[in-house]
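Descriptive structure summary
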Amino acid sequence: DIQLTQSPSSLSASVGDRVTISCRASQNIGNSLNWYRQRPRRAPDLLIYAASSLQSGVPSRFSGRGSGTDFTLTISSLQPEDFVTYYCQQSYSSPRSFGQGTVLELK
Amino acid sequence: EVQLVESGGGLEQPGRSLRLSCKSSGFNFGDYAISWVRQAPGKGLEWVGFIRSEAWGGTSEYAVSVEDRFTISRDDSKSTAYLQMNSLNSEDTAVYYCARDRRVDAAMITWYYFDFWGQGTPVIVSS
């Protein structure tokens, strides 16, 4: 099974900051990596698919990069609604594992 | 508008069974795979399993933690997917989400991602 490790597990930042969240896969997954955002008590939302493709309707301040085993999600200028939890997820093979999540907190 | 609505959750005793439903609308249900994802209280997301569209065989795959107890099925005529959960235990306590599992084929590469999700239905396993 493919393991995904996100870092950091939590991150404190301010409105307007640029932040990057990392996701490392335990084996080569090409670019089969997706990013989701989850607001409290809500279902997750798709942000990025295929490592770097922005889902329709997602603000352009979100971007994804990477291939192979190392991936990043960058938010270029944090907005108040961005202080939630983020998950990476691989679709290279079953089981379609998720990372453990990164909580983005307001400093 | 694409919508997925889960139902069937609730309180159930250990060892018993429960069937969740995922009713979909706003898209051609038969063209898509459907995944189930769960989230235990205060924990992260866990993929439970998925069912392919009939065009891809209609077969299912599961997480190891549930593969001997859970079964995913679909009824395309009702635009509904189901998660049959047997031999429930306390570790199955979670909010269960269904999601549209989109497949994109391009240049010898295939990607999958969950582009629409239901609101979730809670399952509590307790005596």
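Everything below is about the structure shown above.
Along each chain, the written sequence defines residue order, and numbers are assigned to residues from 1. Here every chain gets a letter starting at A, and every ligand a number starting at 1, in the order they are written. Local features are withheld for residues below a pLDDT of 70 in this predicted model, meaning they are given only at 70 or higher, and side-chain atom pairs are given and counted only at 80 or more; totals for whole chains, interfaces and linings count all residues. With hydrogens and water stripped out, all remaining heavy atoms of the structure feed into the side-chain values.

1. A word on the pattern of salt bridges
Residues and elements named next belong to chain B. In what follows, salt bridge is the name for a side-chain nitrogen of Lys or Arg lying within 4 Å of a carboxyl oxygen of Asp or Glu. Across all of its chains, the model carries 13 salt bridges over all chains by this definition. Notably, a salt bridge pairs E61 with R52, separated by 2.3 Å at the nearest N-O pair. Burial classes: relative accessible area under 20% of the type maximum marks a residue as buried, over 50% as exposed, and values in between as partly exposed (1.4 Å probe, protein chains only). For E61, a relative accessible area of 25% translates into the label partly exposed. Residue D92 is joined to R69 by a salt bridge in which the shortest nitrogen-to-oxygen separation is 2.7 Å.

2. Let's talk about the packing of aromatic side chains
Aromatic pairs are defined between Phe, Tyr and Trp rings, using the six-membered ring for Trp, whenever the two ring centres lie within 6.5 Å; interplanar angles under 30 degrees are classed as stacked, those over 60 as edge-to-face, and all others as tilted. Per the counting criterion, the structure on display carries 11 aromatic pairs over all chains. Aromatic side chains F27 of chain B and F29 of chain B sit 6.4 Å apart centroid to centroid with 45° between the ring planes, which places their arrangement in the tilted category. Among the residues examined, F27 of chain B registers a relative accessible area of 15% and is labelled buried. For the ring pair W47 of chain B and F50 of chain B, a centre distance of 6.2 Å and an interplane angle of 45° mean the geometry is tilted. F50 of chain B shares its class with W47 of chain B; the two are buried. Among the aromatic residues, those joined into a ring-pair cluster are Y36 and F98 of chain A together with Y97, F114 and W117 of chain B. By definition here, charges over rings are those cases where NZ of Lys or CZ of Arg is within 6 Å of the ring centre and within 35 degrees of the ring normal. Between the NZ or CZ atom of R96 of chain A and the centre of the ring of Y112 of chain B, over which it lies, the distance is 4.9 Å.

3. Things to note about the side chain of R74 of chain B
Residue and element names in this part refer to chain B. Helix and strand assignments follow DSSP, with helices taken as H or I runs no shorter than four residues and strands as E runs no shorter than two, numbered in order from the N terminus. Locating R74 in the fold gives a position in strand β7 (residues 70–75). Judged by relative accessible area, which is 13%, R74 ranks as buried. Polar contacts, as used here, are pairs of N or O atoms within 3.5 Å; protein pairs need one atom able to donate a hydrogen and one able to accept it. Residues neighboring in sequence count only if both atoms are side-chain atoms. A polar contact is formed between the side chain of R74 and the backbone oxygen of Y32, at a distance of 2.9 Å. One polar contact links the side chain of R74 to the main-chain carbonyl oxygen of R52, over a distance of 3.1 Å. Any two residues whose heavy atoms approach within 4.5 Å are treated as being in contact. With residues near it in sequence (within four places) discarded, R74 still touches F29, G30, Y32, A33, I34, I51, R52, S53, E54, T80, A81 and Y82.

4. Things to note about the sheet that holds strand β1 (residues 4–7) of chain A
All names here are of chain A. Whether two strands pair comes down to DSSP finding at least two bridges between them. Strand order in the open sheet made by the four strands is β1-β3-β8-β7, with antiparallel pairing throughout. The open sheet has two free edges, formed respectively by β1 and β7 (62–67), since each of these has just one partner strand. Looking at each pair of strands side by side, their axes are set apart by 15° on average, direction ignored. The pairing of strand β3 (residues 19–25) with strand β8 (residues 70–75) spans six bridges and is antiparallel. Following the sheet pairing, T20 is matched in β8 by T74. Here an angle of 0 to 180 degrees is reported between the N-to-C directions of two axes, which are lines fitted to C-alpha atoms, with helices fitted over the stretch in contact.

5. Things to note about the sheet that holds strand β10 (residues 102–106) of chain A
Residues and elements named next belong to chain A. Within the open sheet, the six strands sit side by side as β2-β10-β9-β4-β5-β6. Their pairing is mixed. Among the strands making up the open sheet, the edge pair consists of β2 (10–13) and β6 (53–54). Relative to β6, strand β5 (residues 45–49) runs antiparallel, the two sharing two bridges. Bridge pairing in β6 links I48 to L54.

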